[in-house]
Amino acid sequence: MSYVGPDFEPPQPRRPRRGPMTVTLAALVTGALAGWLVWQAVGDPGGPAGTAASSSISPTSPSSGPAASAASRTPSASGTGGENRRSPSPSGPAGRSGPSSAGGAASGPLKGKVVVVDPGHNPGNFQHAAAIKRKVNIGTNSKECDTTGTSTNAGYTEARFTLDVARRLRTLLQQEGATVKFTQDGDRPWGPCVDERARIGNDAHADAVVSIHADGSAAGNRGFHVILPASVHSGAADTRPITARSRDLGERIAGNFVRATGSAPSNYIGGGTGLDVRSDLGGLNLSTVPKVFIECGNMRDSKDAALLTSGAWREKAARGISEGIVGFLRG
Ligand code: ZN
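Residues numbered from 1 in each chain as written. Predicted model: local features only at pLDDT ≥ 70, side-chain atom pairs only at ≥ 80, totals over all residues. Heavy atoms only, no water.

1. Re the state of the cysteines
Considering all chains together, one arrives at 1 disulfide under this definition. Each sulfur of the disulfide joining Cys145 and Cys193 lies 2.2 Å from the other. Where Cys145 bonds to Cys193 through sulfur, the torsion about that S-S bond is close to -90°, and the disulfide is left-handed. One end of the pair, Cys145, is in the loop between strand 4 (142–144) and helix 5 (158–175); the other, Cys193, is in the loop between strand 5 (179–182) and helix 6 (194–203), and 48 residues separate them in sequence. In terms of burial, Cys145 and Cys193 fall into one category: buried. (Disulfide = S-S within 2.5 Å. Helix = DSSP H or I, 4+ residues; strand = E, 2+ residues; numbered from the N terminus. Buried < 20%, exposed > 50% of the residue type's maximum accessible area, 1.4 Å probe, protein only.)

2. Some points on the packing of helix 5 against helix 10 (residues 311–330)
One can describe the packing of helix 5 onto helix 10 by two numbers: an axis separation of 8 Å at closest approach and a directional angle of 50°. Classified by the interaxial angle, the pair formed by helix 5 and helix 10 is oblique. Judged by the twist between their axes, the crossing of helix 5 over helix 10 is right-handed. Seen from helix 5, the contacting residues are Phe161, Asp164, Val165, Arg168, Leu169, Leu172 and Leu173; seen from helix 10, they are Gly311, Trp313, Arg314, Glu315, Ala318, Arg319, Ile321, Ser322, Ile325 and Val326. The residue makeup of the contact of helix 5 with helix 10, split by class, is 10 nonpolar, 2 polar and 5 charged. (Axes fitted to C-alpha atoms, helices over the stretch in contact; angles between N-to-C directions. Parallel < 35°, antiparallel > 145°, perpendicular 65-115°, else oblique. Left-handed = near helix turned anticlockwise from the far one by under 90°. Contact = heavy atoms within 4.5 Å. Nonpolar A, V, L, I, M, F, W, Y, C, P; charged D, E, K, R; others polar.)

3. Quick look at the side chain of Arg188
Within the secondary structure, Arg188 sits in the loop between strand 5 and helix 6. Judged by its relative accessible area of 1%, Arg188 is buried. Here Trp190 takes part through its backbone oxygen, which lies 2.7 Å from a polar atom of the side chain of Arg188. (Polar contact = N/O pair within 3.5 Å; in protein donor to acceptor, adjacent residues only side chain to side chain.)

In structure tokens form, the structure reads like this:
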């Protein structure tokens, strides 16, 4: 989610809804820049300066077909098919376990490439409130170690969602030959903190890192957005070397996510581009390798929640993210 916690701020005060913006997906994909210009004209005085840097989604290979129309979207019925209910081990090490990893396939187009997948939050965070409230240095300032994340109104948690999508994504990337590492796999009691999440990607010398989330915004706010690192140089944070590559990664993920899921870019962040730029996220500020976040949808909107709770939809989401990463890594 992105409205509270170490990596997030309330979106409403600084990102007021810009009214009923109805844009077809085809227009968004083929004319996202036009949409952006419209949004620019409308203005966003309350928005962060970085958001204005958002530009068009770049639908890129491997999928290059026309985008599905938003009108043709068919939300899947709610369900828990394929849901992995694994819980963190209560007897695990006290939050200091190393990153989970799984080896890549012996061959494939991504052989030799390392992808770090960061499932946002941790199902165990709910039971470790004090530990995740600890402040950590994110370069620009201090923030809480981690948060619990959000949930649907029916109680399906963001932490379960992110782990499920991450595991599906791992399978897809391994099929392409990538070596995939996780920041956590439900195998530690809580966390890791946002600074450690960044460090895991850095230490792995990852070729790409994606942090998976779902938002917790107001009902009626719908769609996904990819968060790109702003150019930050403060304290331990220096994103200047990774901003361009991260934008490339993020645009490819956004474009492929549209195609794979049929979901529209966010109608409340990014002006219809599906992209946002932020300087307040420790997980991005401290990264030295290309990295983006994706908010796959809004758990607090009933229509988005119907998608997010569908195993079939989560498979599509993982495929869209995977195809974006593959396109990025294959150039
Ligand atoms: Zn989140």
